[in-house]
Amino acid sequence: MLAAATFLVVLSAGCALAGSSATLTIHYEATPISEIALGDDYINLQVGSSVSGDEPTTYTASTTYDLTTNGFDGKLSGSIGDDVAGGLSLSAELTPPEGAVGCGEVVLGRSPVDLITGIAPTAAGGLGLTFRLTAGVEAGLVEPSHTLFTLTVTDR
Amino acid sequence: MRKTQYNWLLALILIAAVHALPAHAIDMYVSGGWTTLTITASDLVGEAGSGLVSTYDSDPATAALDVANTSSSSDAWRIEVRRSESASWSDSCRVLIRRTSDGSGAGFVSGGTIYQEVGLIGAAFFDGSGDRLGINLQVRIDGVSVSDGPSMYSSDLVLTVVDL
């Protein structure tokens, strides 16, 4: 009986697999990417004359911005370095990339304000950026001035 | 049990063992892999507004494959390759593989020198015969884009040697 059992074990061991397999691991990391650029280094907003009783006058100037991001639910926020003179209001409106939500025309100040929200991974160039400078009579004689506009992209 | 019967049984066992065992199974070994790729903003095609470079190649010798324990230099075999399904792999990324050297040994190798996509189902990669050592492999990832999002992506390629 013991000999018969041994015979069967030998037969089973002879039926080994004829092939062999091995594994090759592929691994890569995609890091967070957020790149933004403005189409112009500066733009001019020319303030003209205003007459008492007239509606505030609005002056516009446009440029573009380019955006590449692989983040989800990102946003664009903008701020200016120095507040504009009294009686003036500077605002910005951005064309959102596909799938994102534009916040419309937003008044700019020294604290960042949201201009675009809900940005999904995107690579888009030449998107519109329009500045509007509104001057009321109370602005008086507006001296030439400049301010630095900063556009920032952040991920969720 | 009588001694004679015992001897006959032992002889039967030995005969069965000799005939039941097949020729030596061909063995295959793979060393290396590709785990050093990091995609950053420096991989954009251009400036902001542009997408990522979509295709990346490993070192031409990112892995080495050995086929051993063949019965002779004319013992033919085939290497098959497939990709393991992975939840951490981007559906839009393809993996391709090619052989970049013949290795060394008494047999030969053929095929597999043109990049071929590695699917989830095993497919022929290249053929050969006899023992071959140090057959270099190169891997390509194609279809990388910003749409994939920042993450770690992994997948395994399974290579199998088939005795022909």
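All of the points below concern the structure found in this document.

Parameters and conventions
- Residues numbered from 1 in each chain as written.
- Chains lettered and ligands numbered in written order.
- Predicted model: local features only at pLDDT ≥ 70, side-chain atom pairs only at ≥ 80, totals over all residues.
- Heavy atoms only, no water.
- Helix = DSSP H or I, 4+ residues; strand = E, 2+ residues; numbered from the N terminus.
- Buried < 20%, exposed > 50% of the residue type's maximum accessible area, 1.4 Å probe, protein only.
- Contact = heavy atoms within 4.5 Å.
- Pairing = 2+ DSSP bridges.
- Buried area = accessible area lost by both parts, 1.4 Å probe.
- Salt bridge = Lys/Arg side-chain N within 4 Å of Asp/Glu carboxyl O.
- Polar contact = N/O pair within 3.5 Å; in protein donor to acceptor, adjacent residues only side chain to side chain.
- 1 Å grid on protein atoms, 1.4 Å probe; cavity = no way out; pocket = protein on both sides within 12 Å on 5 of 7 lines; lining within 4 Å.
- Points joined across faces, edges and corners; volume = space filled by probe spheres on them.
- Nonpolar A, V, L, I, M, F, W, Y, C, P; charged D, E, K, R; others polar.
- Axes fitted to C-alpha atoms, helices over the stretch in contact; angles between N-to-C directions.
- Phe/Tyr/Trp six-rings, centres within 6.5 Å; stacked < 30°, edge-to-face > 60°.
- Lys NZ or Arg CZ within 6 Å of the ring centre and 35° of its normal.

Observations concerning the overall build of chain A
Consideration 1: When you go through chain A residue by residue, the secondary structure sums to one helix and ten strands.
Consideration 2: Along chain A, from the amino end to the carboxyl end, the secondary structure elements read α-β-β-β-β-β-β-β-β-β-β.
Consideration 3: A burial count over chain A gives 34% of its 156 residues as buried.
Consideration 4: When contacts within chain A are restricted to residue pairs at least 6 apart in sequence, long-range pairs at least 24 apart make up 77% of them.

Some thoughts on the overall build of chain B
Consideration 1: If you tally the helices and strands in chain B, you get one helix and eleven strands.
Consideration 2: Along the chain direction, N to C, the helices and strands of chain B fall in the order α-β-β-β-β-β-β-β-β-β-β-β.
Consideration 3: Sorting the 164 residues of chain B into buried and exposed places 41% on the buried side.
Consideration 4: Put simply, 78% of the contacts in chain B that link residues at least 6 apart link residues at least 24 apart.

Points about the sheet that holds strand β7 (residues 106-107) of chain A
Consideration 1: If you trace the five strands from one edge of the open sheet to the other, you get β2-β3-β9-β5-β7 (chain A), paired in antiparallel fashion. If you trace the sheet from one side to the other, it starts and ends with β2 (34-38) and β7 of chain A, each paired once.

Quick look at the interface of chain A and chain B
Consideration 1: With 39 residues of chain A in contact, the opposing surface of chain B contributes 54 residues.
Consideration 2: Buried surface at the junction of chain A and chain B, both sides included, amounts to about 3,800 Å², of which 66% is carbon and sulfur.
Consideration 3: Our count for the contact surface shared by chain A and chain B stands at zero salt bridges.
Consideration 4: Between the two partners, chain A and chain B, sit 17 residue pairs in polar contact (both at pLDDT 80 or more).
Consideration 5: For the side of chain A that touches chain B, the element with the most residues is strand β1 (residues 20-30) of chain A, which contributes eleven residues.

Here's the deal with the pattern of salt bridges
All names here are of chain B.
Consideration 1: Here the structure, examined in full by the defined rule, presents eight salt bridges over all chains.
Consideration 2: Linking R78 and D127 is a salt bridge whose minimum nitrogen-to-oxygen distance equals 2.7 Å. Of this pair, R78 sits in strand β5 (residues 76-83) while D127 is found in strand β9 (residues 123-129), placing the two residues 49 residues apart along the sequence.
Consideration 3: On the accessibility criterion, D127 (23% relative accessible area) is partly exposed.
Consideration 4: Across the pair R99 and D102 runs a salt bridge whose closest N-O atoms are separated by 2.6 Å.
Consideration 5: The exposure class of R99 is buried, given its relative accessible area of 6%.
Consideration 6: A residue is classified by how much of its surface remains accessible, and D102, at 43% relative accessible area, is partly exposed.

Brief notes about empty space enclosed by the protein
Consideration 1: The tally for this structure, following the rule as stated, stands at one cavity of 30 Å³ or more.
Consideration 2: Taken as a whole, the largest cavity spans an internal volume of roughly 40 Å³.
Consideration 3: Lining the largest cavity are A:A30, A:N70, B:L52, B:V144, B:S145, B:V146, B:D148 and B:G149.
Consideration 4: Looking at side-chain class alone, the lining of the largest cavity contains four nonpolar, three polar and one charged residues.

Digging into the sheet that holds strand β7 (residues 108-110) of chain B
Consideration 1: Reading across the sheet, the six strands line up as β2(B)-β1(A)-β11(B)-β5(B)-β9(B)-β7(B) and stay open at both edges, with mixed pairing between neighbours. Each having just a single partner strand, β2 (34-39) and β7 of chain B make up the two edges of the open sheet. Put simply, the sheet's adjacent strands are angled 20° from each other on average, direction ignored.

Examining the packing of aromatic side chains
Consideration 1: Tallying each qualifying case throughout the model produces five aromatic pairs over all chains.
Consideration 2: With 5.0 Å between their ring centres and 25° between their planes, A:Y28 and B:Y153 make a pair best called stacked. In this pair, A:Y28 is assigned in strand β1 and B:Y153 in strand β11 (residues 151-163), connecting two distinct chains. Both residues of the pair, A:Y28 and B:Y153, belong to the buried class.
Consideration 3: Aromatic pair B:F125 and B:F126: ring centres 4.8 Å apart, planes at 75°, arrangement edge-to-face. Neither B:F125 nor B:F126 differs from the other in exposure class; each is buried.
Consideration 4: One residue, B:R99, lies across the ring of B:F126, its end atom 5.5 Å from the ring centre.

Regarding the environment of A:G102
Residues and elements named next belong to chain A.
Consideration 1: By secondary structure assignment, the location of G102 is in strand β6 (residues 101-102).
Consideration 2: Accessibility expressed as a relative area gives 33% for G102, which makes it partly exposed.
Consideration 3: Note: C-alpha distance between G102 and D114 (twelve residues apart in sequence) is 8.9 Å.
Consideration 4: Discounting chain neighbours no more than four positions away, the residues touching G102 are P96, L115 and I116.

Keep in mind these values describe shape, not function.
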